[in-house]
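Coordinate inspection notes
This is what each chain is made of:
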Amino acid sequence: DQQVKQNSPSLSVQEGRISILNCDYTNSMFDYFLWYKKYPAEGPTFLISISSIKDKNEDGRFTVFLNKSAKHLSLHIVPSQPGDSAVYFCAASVGSNSGYALNFGKGTSLLVTP
Amino acid sequence: GAVVSQHPSWVICKSGTSVKIECRSLDFQATTMFWYRQFPKQSLMLMATSNEGSKATYEQGVEKDKFLINHASLTLSTLTVTSAHPEDSSFYICSAREEIYGYTFGSGTRLTVV
């Protein structure tokens, strides 16, 4: 049962524009959320995270928004760059301590065109 | 930052043989490591949680006798795919959580069983 859902398998955005990647979750116990970027045949690399006590976290061009009531989070990338082209995974966890694994969505493949 | 070194990066083996995948945490001790598997265009699915000095905890549907996990030290966890079959061909990734840098992933192992 997929507890973290990324309903858009792919997204194409023009360079310089905003990329918005969406993620929904069903488990109300999740309180720690992360976004990862992944290239083919490589492990995921961490982008940004947010805990449930916040509704926004920003790091450079990346901003994550959390709407707990809707069980929805989104990753905004602005401005988008061709190097951002990759698969983006949303992940969620119960707590942020070492005992809990991450639950991943299926990923959204982002293509940023020049 | 924290680094998890995973080897081999790719392996091709004959059906019926066993393959061992190693994950080492560099510069930090990982009491818990997580093993994931990813099929094409699918999410990273948790297979098992590996705890140093104790038995691994397997997710539902994952055969513990087929996917042997050993976490003999605080810096090394191994996954052995026993009697591999073509349906075991997948991308296997390990992960550990470090207190400061959070979840860190290995680079993954592409297993192809022929």
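Refer to the structure above for everything that follows.
Note that the structure is predicted; figures quoted are calculated from it, not measured. (Residues numbered from 1 in each chain as written. Chains lettered and ligands numbered in written order. Predicted model: local features only at pLDDT ≥ 70, side-chain atom pairs only at ≥ 80, totals over all residues. Heavy atoms only, no water.)

Overview of the nonpolar core
Nonpolar side chains tend to gather and get buried jointly when the protein is soluble and globular. Residue and element names in this part refer to chain B. Selection rule: Put simply, buried Ala, Val, Leu, Ile, Met, Phe, Trp, Tyr and Cys residues joined by side-chain atoms within 4.5 Å make one nonpolar core. Three exposure classes are used, based on accessible area relative to the maximum for each residue type with a 1.4 Å probe and protein chains only: buried under 20%, partly exposed in between, and exposed over 50%. Strands are runs of DSSP state E lasting at least two residues, helices are runs of H or I lasting at least four, and both sets are numbered from the N terminus onward. Two residues form a contact once any of their heavy atoms are found within 4.5 Å.
In terms of nonpolar packing, the biggest core is built from 25 residues, with Trp 35, Phe 67, Leu 79, Tyr 92 and Leu 111 touching the most fellow members. Elements represented by at least two residues in this core include exactly β2 (10-13), β3 (19-26), β4 (32-38), β5 (44-51), β7 (67-73), β8 (76-81), β9 (90-98) and β11 (109-113). Residue contacts for Leu 111: discarding those within four places in its chain leaves Val 11, Cys 13, Val 19, Val 81, Asp 88, Ser 89, Ser 90 and Tyr 92.

Quick notes on the interface of chain B and chain A
The criterion, for reference: A 1.4 Å probe defines the accessible area here, and the buried area is the portion of it lost by two parts on being joined, summed over both. We count a salt bridge whenever a side-chain nitrogen from Lys or Arg sits within 4 Å of a carboxyl oxygen from Asp or Glu. Two N or O atoms form a polar contact when they lie within 3.5 Å of each other; inside protein one atom must be a possible hydrogen donor and the other a possible acceptor, and for residues adjacent in sequence the pair counts only when both atoms belong to side chains. Each residue receives one of three labels: charged for Asp, Glu, Lys and Arg, nonpolar for Ala, Val, Leu, Ile, Met, Phe, Trp, Tyr, Cys and Pro, and polar for the others, Gly being one of them.
Across the boundary between the two partners, chain B contributes 17 residues, which contact 22 residues of chain A. With both chains or domains summed, chain B and chain A bury close to 1,600 Å², and 59% of this area falls on carbon and sulfur atoms. Remark: the boundary between chain B and chain A carries zero salt bridges. For the interface between chain B and chain A, the tally reads four residue pairs in polar contact (both at pLDDT 80 or more). Residues belonging to the side of chain B that touches chain A are distributed by class as follows: eight nonpolar, eight polar and one charged.

Some thoughts on the environment of Thr 104 of chain B
Residue and element names in this part refer to chain B. Summarising the element assignment, Thr 104 is placed in strand β10 (residues 102-105). Note: C-alpha distance between Thr 104 and Met 33 (71 residues apart in sequence) is 9.8 Å. Beyond its immediate chain neighbours, meaning those up to four positions away, Thr 104 contacts Ala 2, Val 3, Val 4, Cys 94, Ser 95 and Ala 96.

Points about the side chain of Ser 77 of chain B
Residue and element names in this part refer to chain B. Position of Ser 77 among the secondary structure elements: in strand β8. Judged by its relative accessible area of 0%, Ser 77 falls in the buried class. Reaching out from Ser 77, the side chain makes a polar contact with the side chain of Ser 50 at a distance of 3.1 Å. Each residue touching Ser 77, except ones within four places of it in the same chain, is listed here: Ile 21, Glu 22, Cys 23, Met 33, Trp 35, Ser 50, Ile 69, Asn 70 and His 71.

Some words on the pattern of salt bridges
In a structure, side chains of opposite charge can pair up when their charged atoms sit close to one another. Following the criterion strictly, the structure yields three salt bridges over all chains and no others. A salt bridge links Arg 61 of chain A to Asp 84 of chain A; its shortest N-O distance comes to 2.8 Å. Remark: Asp 84 of chain A occurs in the loop between β8 (72-77) and β9 (86-93) and Arg 61 of chain A occurs in the loop between β6 (56-59) and β7 (62-67); sequence separation between them is 23 residues. With a shortest N-O distance of 2.9 Å, Asp 88 of chain B and Lys 66 of chain B are connected by a salt bridge. Of this pair, Asp 88 of chain B sits in the loop between β8 and β9 while Lys 66 of chain B sits in the loop between β6 (57-58) and β7, and the two are 22 residues apart along the sequence. Note on Asp 88 of chain B: relative accessible area 6%, which makes it buried. Taking the relative accessible area as the measure of exposure, Lys 66 of chain B reaches 11% and is therefore buried.

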